[in-house]
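Tertiary structure, described
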Amino acid sequence: MLPILTWLVMMLCLFTTVVKYLMGLLLRLSFPGTKILKDYSRQSTVSVLLPCYNEGRTVYNSIESISKSNYPADRFEVIAQDDCSVDDSYEWMVKAQQDFANIPIRVGRNVSNCGKARTVCNALEHSTAEIIISIDSDCIFHPDAIRELTACFAEPGIGSVGGRVGVSNPNDNIITAIQTIVYYAAFELYKIPENWTRSVCCISGCLFAIRRELLVELEPILRARHWFGVPVNQGEDRFLTHQTLLRGYGTYINNDALCWTAVPNKLSVLFKQQLRWRSSIIRDLFFTLKSLPQHVFRLHPNTVFTLVLTPLSALVAMMVMVTMFICDPLAWAGPQPLVVYVGLAAIFSWAIKKYSVRETIQHPLAFGAYLAWSIVSSVFITPLSLLTLDSGDWGTRTKQPQEAQIGHASAS
Amino acid sequence: MATPAPVNSTDPPTVLGNIRWSVQSVAYKAVLATYRVFAILVLYAVLIGIFSYAFIMGFYAVSRSWAAPVILSAFDEKSLDFMQQLVISRQTIEDLQVDIVRQQTTLAEMAKYRSAILSLDPQLQQAITREREQAKHTGPELEKLEKDKQADNAKSREMLTQLHDLEFQLNNDLKAGLITKADATSQLATLNQAETAYTDSRIAAVELSNNVLAATTVGTKSLDAIEKQAELRSDIAQLDVTLSVAEKQLMEDNRQVQRLHDAIAVAKLSPYYLNGNGDKQLYFAFVPYDNQAVATVGAPIYDCYLNMVVCRKVGAVKQIFSGEQIINHPIFKTQVRGLTILMDLSHPQSAKSQTIFLGGKPLWF
């Protein structure tokens, strides 16, 4: 019975990954239903919440990019909230407030460090807008991003809308090149079937728009998230998306709403980021399993499958890798996996060069190295995330006070 | 929602709420402590496992003394195939040997027959020669006698003509009564005998003529004898061909038998033969070609814990088999070529170890 169950889970995981990419391609090419109804005349009031922790000058650049938005200045505001950064982030926020007076910018600071989710909630307290857009403070936004996001709320029943996150540093090194392809494939293919049923399971926190009433309703449970008493500060984007779906709203990713982020270019930083993401995926799985009947009765089957099988894929991949290392340790060293990855890299690089010139990769064959990363990811990150669910810091942004440079903002 | 109450709840405190909060707090702390202890233990175990795994992989990549014990069963596929081949080879030898004996007997019979008919040929030739020599001598003599006989017969015919006149005279005399009837009958009988003698003489002349012809020319009898001689020689030639083919077949069969004997002799040196034909449990091990240098007869064998540490001597190499074997690497699971050794084990349970080491301890302890 157990082997049959294992095989079934493995096949379903394979189904959700491979088939979803293929479905994404087919849907993109032939199903207009994947495109949401947009109404650009709808100009809701918008609050852009910008939680920040140890971002330094980057937060200034983010606010600058928002200030250039093609959205009526009287219809949106920026609320930048610092989570007690140990560097000069707050000073950069204040400087941005002074420099970009064309838009209303409110700058605040938490009483104590409490994590991104609670910082978003604190920022929300100052907002009265109809649409709340939560963004990452290390992103650069396209001028049309706010306009594109708000236009999507014209479709009835849409609760949350996400944007497409592009990579601003695709050619830093192999690590960033790999991530560029992964990001592109995820947004342009993997998410498309979810878009079709308006049930995207995770909208990126880089660019996350939500109806105000929904976020206000979710705020208490967002603040109260904890792991056996330890506050959970990670994965608020996945959590909010999940909750949006459970409350009967639809979710959507508008690939025309663009923002750019600098992905990690060091293995250690990437490892920490992936560990944080994997933890939130696993935590989300536990939550899904805990309330599975509720999910089954309320959500689209496609959504339930994605919510259950996507995190299970990570666990299955880990088991497959461990089994492979025990039974056939050099299986990964054969040419077949490398050829597959290099082939995929060639296809995606061509697509990126054609459809997203800014992310063009100079050395697409470097994607072959994803083979090594997938081993690391499956063998190390999954078990480590399973065993560090009580960790609740900002992950890659965590710095010790002595690491940070304070007070340069005013000098720049 | 199933989300628990917030940790830093700002709800007004009540007694029940405080108790509930305290119990929940203790429960959370207990779960969290257990989780953290478990996580630390597992993470250390994973770390140790990963480093051990990496070390083992590296160790076996560079080790030049490991061997992999192989327990051969008389019932495993290779052993059964091997024994089946052996039985088939032996059966073939027996069949060939029966064939060889039969061919040898046939050859002997054919050789005897050939000798017999070969000995007839000179006799026949002698008889023909002798007859020809005889004819050479008797032919002219018979021709001369034939001529004499012809002359004699001519004379006899003349005399018979005269005797016819005499017979007429006798008849006239008898009629005339000049002689008695008895005298006349007696004289006529004499005349008749003379005529009969003349006829016999002519028959003899004809026979003589035939004899002369036979003695002086080649007749059908001579031709029959020559034909017989040709047939005899043809039989001998055919026998020679058959004998040659049979001898070659015999030689080939003998060579085949020898080859099969050689193959069986080699097979008897195989571990599968030893394993399948002995009563005693034998212990074998696979040695990759890279490690062949340490596989010498008498080399000590060590068995280790965790495949490499805390080793003890468990026996020595007893025999080395030359045939190539291909097995899966016990650690890397890739195909490895090598040879088989027979081990003399003082600790038979070491035959079940994943690996053993030849010549010395791999890490000196």
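All values derive from a computational prediction rather than experimental measurement.

Moving on, we get to the overall build of chain A. When helices and strands are tallied, chain A shows 14 helices and 10 strands. In chain A, buried positions account for 47% of the 412 residues.

Right, let's get into the sheet that holds strand β5 (residues 335-345) of chain B. Either a parallel or an antiparallel arrangement is found when strands of a sheet pair, and the pairing is made through backbone hydrogen bonds. The six strands lie next to each other as β1-β2-β5-β4-β3-β6 (chain B), forming a closed barrel whose pairing is antiparallel. Shown here is a sheet whose adjacent strand axes are inclined to one another by a mean of 45°, direction ignored.

Residue and element names in this part refer to chain A. The mixed open sheet is built from eight strands, whose spatial order is β3-β2-β1-β4-β7-β6-β10-β5. Only two strands of the sheet have a single partner each, and these edge strands are β3 (105-109) and β5 (139-141). The average undirected angle you get between the axes of adjacent strands in this sheet is 30°. Relative to strand β7 (residues 207-211), strand β6 (residues 158-167) runs antiparallel, the two being bridged by three bridges. Note that in β7 the partner of valine 161 across the bridge is alanine 209. Of the strands in this sheet, β4 (131-135), β6 and β7 are in contact with helix α8 (residues 212-224), which crosses β7 at around 95°.

Another point: unusual backbone geometry. With the exception of glycine, most residues fall at negative phi, and the peptide bonds are largely trans. At A:Asn54, a residue that is not glycine, the phi angle is positive and equals roughly 55°. Positive phi, normally seen in glycine, also occurs at B:Val310, with a value near 50°. On the secondary structure map, B:Val310 appears in strand β4 (residues 309-328).

Now for the pairing of β4(A). Residue and element names in this part refer to chain A. Here β4 lies mainly inside the structure; five of its five residues are buried. Covered by surrounding structure in β4 are Ile131, Ile133 and Ile135 together with Ile132 and Ser134, the residues of both alternating faces. Across four bridges, strand β1 (residues 46-52) lies against β4 in parallel orientation. In the sheet register, leucine 49 faces β4, and the bridge partner there is serine 134. Looking at chain direction, β4 and β7 are connected through five bridges and run antiparallel. Looking at β7, one finds that isoleucine 133 is bridged to alanine 209.

This part takes up the interface of chain A and chain B. Taken residue by residue, the interface counts 20 residues in chain A and 23 residues in chain B. Of all the secondary-structure elements, those providing two or more residues to the side of chain A that touches chain B are α8, β9 (230-231) and α12 (301-327) of chain A. With three residues, the top contributor of residues to the side of chain A that touches chain B is α8(A). Classifying every residue of the side of chain A that touches chain B by side-chain character gives 11 nonpolar, four polar and five charged.

A few words on the packing of helix α2 (residues 77-176) of chain B against helix α4 (residues 220-267) of chain B. Residue and element names in this part refer to chain B. The N-to-C vectors of α2 and α4 enclose an angle of 160°; their axes lie 8 Å apart at closest approach. Overall, the two elements α2 and α4 adopt an arrangement that is roughly antiparallel. Between α2 and α4 lies a crossing whose hand is left-handed. Each residue belonging to the contact of α2 with α4 can be placed in one class, and the counts come to 25 nonpolar, 13 polar and nine charged.

Let us now look at the packing of helix α2 (residues 57-67) of chain A against helix α3 (residues 89-99) of chain A. Residue and element names in this part refer to chain A. Two elements in contact, α2 and α3, have axes separated by 7 Å at closest approach and are oriented at 25°. Overall, the two elements α2 and α3 adopt an arrangement that is roughly parallel. Handedness of the crossing formed by α2 with α3: right-handed. In this structure, α2 contributes Arg57, Val59, Tyr60, Ile63 and Glu64 to the contact, and α3 contributes Ser89, Trp92, Met93, Lys95 and Ala96. Of the residues in the contact of α2 with α3, the class split is six nonpolar, one polar and three charged.

Counting 82 residues, the largest nonpolar core has A:Val48, A:Ala80 and A:Ile133 as the members making the most contacts within it. The biggest single contributor to this core is helix α6 (residues 174-190) of chain A, with seven residues. For A:Ala80, the contacting residues outside a window of four places in its chain are A:Leu50, A:Cys52, A:Val59, A:Ile63, A:Met93, A:Ile105 and A:Val107. The next biggest cluster of nonpolar side chains, apart from the first, holds 22 residues, and it includes B:Ala285, B:Phe286, B:Ile341 and B:Leu345.

For helix α1 (residues 15-62) of chain B, with 48 residues, the first-to-last C-alpha span of 69 Å sits near the 70 Å given by 1.5 Å per residue. Counted residue by residue, α1(B) has zero buried out of 48 residues, so it is predominantly exposed.

Low pLDDT means the predicted coordinates in that region are not meant to be read closely. Here chain A averages 86 in pLDDT, and 92% of its residues register 70 or above. Confidence drops under pLDDT 50 across residues 401-412 of chain A; counting only partners more than four residues distant or on other chains, this segment forms 19 contacts.

Once that is clear, we can look at the environment of A:Ala257. All names here are of chain A. Here alanine 257 is to be found in strand β10 (residues 250-261). The exposure class of alanine 257 is buried, given the 25 C-beta atoms found within 10 Å. Along the chain, alanine 257 and threonine 150 lie 107 residues apart, while their C-alpha atoms are 9.7 Å from each other. Excluding residues within four positions of it along the chain, alanine 257 makes contact with Ala145, Glu148, Leu149, Gly163, Arg164 and Leu207.

Residue and element names in this part refer to chain B. For strand β3 (residues 300-305) and β4, the ladder comprises six bridges, and the chain directions are antiparallel. In the strand pairing of β4, isoleucine 301 is matched with glycine 315. Hairpin connection of β3 to β4: three residues between the antiparallel strands, including leucine 306 at a positive phi of 55°. Here β3 runs beside strand β6 (residues 356-358); their pairing, made up of two bridges, is antiparallel.

Conventions adopted
Residues numbered from 1 in each chain as written. Chains lettered and ligands numbered in written order. Predicted model: local features only at pLDDT ≥ 70, side-chain atom pairs only at ≥ 80, totals over all residues. Helix = DSSP H or I, 4+ residues; strand = E, 2+ residues; numbered from the N terminus. Buried ≥ 20, exposed ≤ 12 C-beta atoms within 10 Å, placed from the backbone. Pairing = 2+ DSSP bridges. Axes fitted to C-alpha atoms, helices over the stretch in contact; angles between N-to-C directions. Contact = placed C-beta atoms within 7 Å. Nonpolar A, V, L, I, M, F, W, Y, C, P; charged D, E, K, R; others polar. Parallel < 35°, antiparallel > 145°, perpendicular 65-115°, else oblique. Left-handed = near helix turned anticlockwise from the far one by under 90°. Core = buried A, V, L, I, M, F, W, Y, C linked by C-beta atoms within 7 Å. Expected span 1.5 Å × (residues − 1). pLDDT = per-residue confidence, 0-100.

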